[in-house]
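Fold and geometry: a report
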Amino acid sequence: QVQLIESGGGLVQAGGSLRLSCAASALTFSNYAMGWFRQAPGKEREFVAAVSLGGRSTRYASSVKGRFTISRDNSKNTVYLQMNSLKPEDTGVYYCAAAKVVLTTSQVGYDYWGQGTQVTVSS
């Protein structure tokens, strides 16, 4: 079965950095666009970033553009989210997701989801 497993979350002070990783298995990784979503307490899950099959196209939410960078290593079946200049409002559970063929910012376009990793940014 397909598995997406996130790692790298934790507690960090405002202004600090974290790098999230998502490892995929039982999936032809290079055939999927990959995305990151997050959900803060009491809020709906929202789009954060996405990257195309080969890594040449990216999309970012306006709230993270310039601070976060999404990338992928198809040889390792892994997608990353480098998060810099973190703010308390970045706090939430971050989810990795895989979308067949297309690059999309909509969560309905994603076929598989990880279980999430907690990111907490203190002030």
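Everything here concerns the structure above.
Residue indices begin from 1 for each chain and proceed along its sequence in written order. Only residues with pLDDT of 70 or above have their local features reported here, since the model is predicted, and side-chain atom pairs are shown and tallied only from 80 upward, although totals for entire chains, interfaces and linings are computed over all residues. Side-chain numbers here rest on the full set of heavy atoms in the structure, without hydrogens or water.

**Some remarks on the pattern of salt bridges**
What counts is decided by this rule: The salt bridge criterion pairs a side-chain nitrogen of Lys or Arg with a carboxyl oxygen of Asp or Glu, the two atoms within 4 Å. Helical segments are the DSSP runs of H or I of at least four residues, strand segments are the runs of E of at least two, and each set is numbered from the N terminus. With a 1.4 Å probe rolled over the protein chains alone, any residue whose accessible area is under 20% of its type maximum counts as buried; one over 50% counts as exposed, and the rest are partly exposed.
Overall, the coordinates contain three salt bridges when judged by the stated rule. Here Glu 46 ties to Arg 38 by a salt bridge, and the two come within 2.8 Å at their closest N and O atoms. Note that Asp 90 and Arg 67 form a salt bridge whose closest N and O atoms lie 2.8 Å from each other. Of this pair, Asp 90 sits in the loop between strand 8 (78-83) and strand 9 (92-100) while Arg 67 sits in the loop between strand 6 (58-60) and strand 7 (68-73); the two residues are 23 residues apart in sequence, bridging distant segments of the chain. Residue class for Asp 90 comes out buried when judged on its relative accessible area of 1%. By relative accessible area, which is 11% here, Arg 67 ends up buried. A single network of salt bridges, built from pairs that share partners, joins Arg 38, Glu 46, Arg 67 and Asp 90.

**Quick look at the side chain of Arg 67**
Rule in force here: Nitrogen and oxygen atoms within 3.5 Å of one another constitute a polar contact, given that in protein one can donate a hydrogen and the other can accept it, and given that sequence-neighbouring residues count only through two side-chain atoms. Contact criterion: two residues are considered in contact whenever any of their non-hydrogen atoms come within 4.5 Å of each other.
Here the side chain of Arg 67 touches Ser 85 through a polar contact of 3.0 Å, landing on its backbone oxygen. For Arg 67, the contacting residues outside a window of four places in its chain are Gln 82, Met 83, Asn 84, Ser 85, Leu 86, Lys 87 and Asp 90.

**Observations concerning the environment of Val 2**
In this fold, Val 2 is placed in the segment before strand 1 (3-7). Under the relative-accessibility criterion, Val 2 is labelled partly exposed at 23%. Separated by 25 residues in sequence, Val 2 and Leu 27 have C-alpha atoms that sit 5.8 Å apart. Ignoring sequence-local partners within four residues, the contact set of Val 2 consists of Ser 25, Ala 26, Leu 27 and Tyr 112.

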